[in-house]
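# Descriptive analysis of the structure
Now for the letters of each chain:
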Amino acid sequence: MESHFLAYLYRLRYIERWSLMRNVHKENVAEHSFHVSLLTHALCTIANVVYGRRLPTEQIVTAALFHDTTEVFTGDIPTPVKHHNPDILRNFREIEQHAAKRLVNMVPPELQHVYGPLIEGKNTDAEHARYIKGADLLDAYLKCASELSAGNREFAVAQKQIEQSIEKLDMPEIRYFLQHLAPSFEKTLDELNEPAP
């Protein structure tokens, strides 16, 4: 039987993010998913190497890769809309669950035990989910920094709100990332190519 599962996931490249704001650089959900996976890997690596944790990095990164797959049906609902009031958020979570079930039903039956939990967010414990959430917020923070560096003040308030959300997570791995890795994201290619002092 033909399965449209991966063909749908490839369509995440058509779902634009930050739709309520003027963007210097457009971003789609496929790019975002890759970036969040990359950042999740970095946070888990920092946790394990710098802070002596024993996180299953590959498992958490795989969950991160699938964290927004339902948006192939729902689109990317802007945060101010989703969180406008508890009723909207509750209804949106219900829509996400329906979208997840629809996507899981596209997976060939013999593969559903692998992809079902990833799409539905099951088997991701709260601690592991924090690393994905942290990476998700970091990606938004880096997007804001990039837009602000390009002179787009549209993202100034969003960056402050995201900084507050990051502080609430209180993760030393994120503080390490912001101190050692994030500053480079605001540099131009010429600045990145300059020899180290």
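Structure's up top.
Let us look at the structure shown here. Just so you know, these numbers come straight off a predicted model, no measurement behind them. (Residues numbered from 1 in each chain as written. Predicted model: local features only at pLDDT ≥ 70, side-chain atom pairs only at ≥ 80, totals over all residues. Heavy atoms only, no water.)

## Some thoughts on the overall build of the protein chain
Each helix and strand in the protein chain was counted, giving 11 helices and zero strands. Along its sequence from the N terminus, the protein chain presents helices and strands in the succession α-α-α-α-α-α-α-α-α-α-α. The proportion of buried residues among the 197 residues of the protein chain is 40%. For the protein chain, restricting intrachain contacts to residue pairs at least 6 apart in sequence, the fraction spanning at least 24 positions comes to 70%. Split by element, the accessible area of the protein chain, about 12000 Å² in all, is 54% carbon and sulfur. Here the protein chain contributes 21 positive and 27 negative side-chain charges, whose respective centroids are spaced 4 Å apart. (Helix = DSSP H or I, 4+ residues; strand = E, 2+ residues; numbered from the N terminus. Buried < 20%, exposed > 50% of the residue type's maximum accessible area, 1.4 Å probe, protein only. Contact = heavy atoms within 4.5 Å. Areas by Shrake-Rupley, 256 points an atom, 1.4 Å probe, with all protein chains shown as cover. Lys, Arg positive; Asp, Glu negative; His and termini not counted. Charge placed at Lys NZ, Arg CZ, Asp CG, Glu CD.)

## Focus: the environment of methionine 106
Along the polypeptide, methionine 106 turns up in helix H6 (residues 86-106). Looking at methionine 106, the relative accessible area reads 16%, which means it is buried. Distance from methionine 106 to asparagine 152, taken between C-alpha atoms, is 40 Å for residues 46 residues apart in sequence. Those residues within four positions of methionine 106 in sequence are excluded, and the remaining contacts are Ser3, His4, Phe5, Tyr8 and Phe73.

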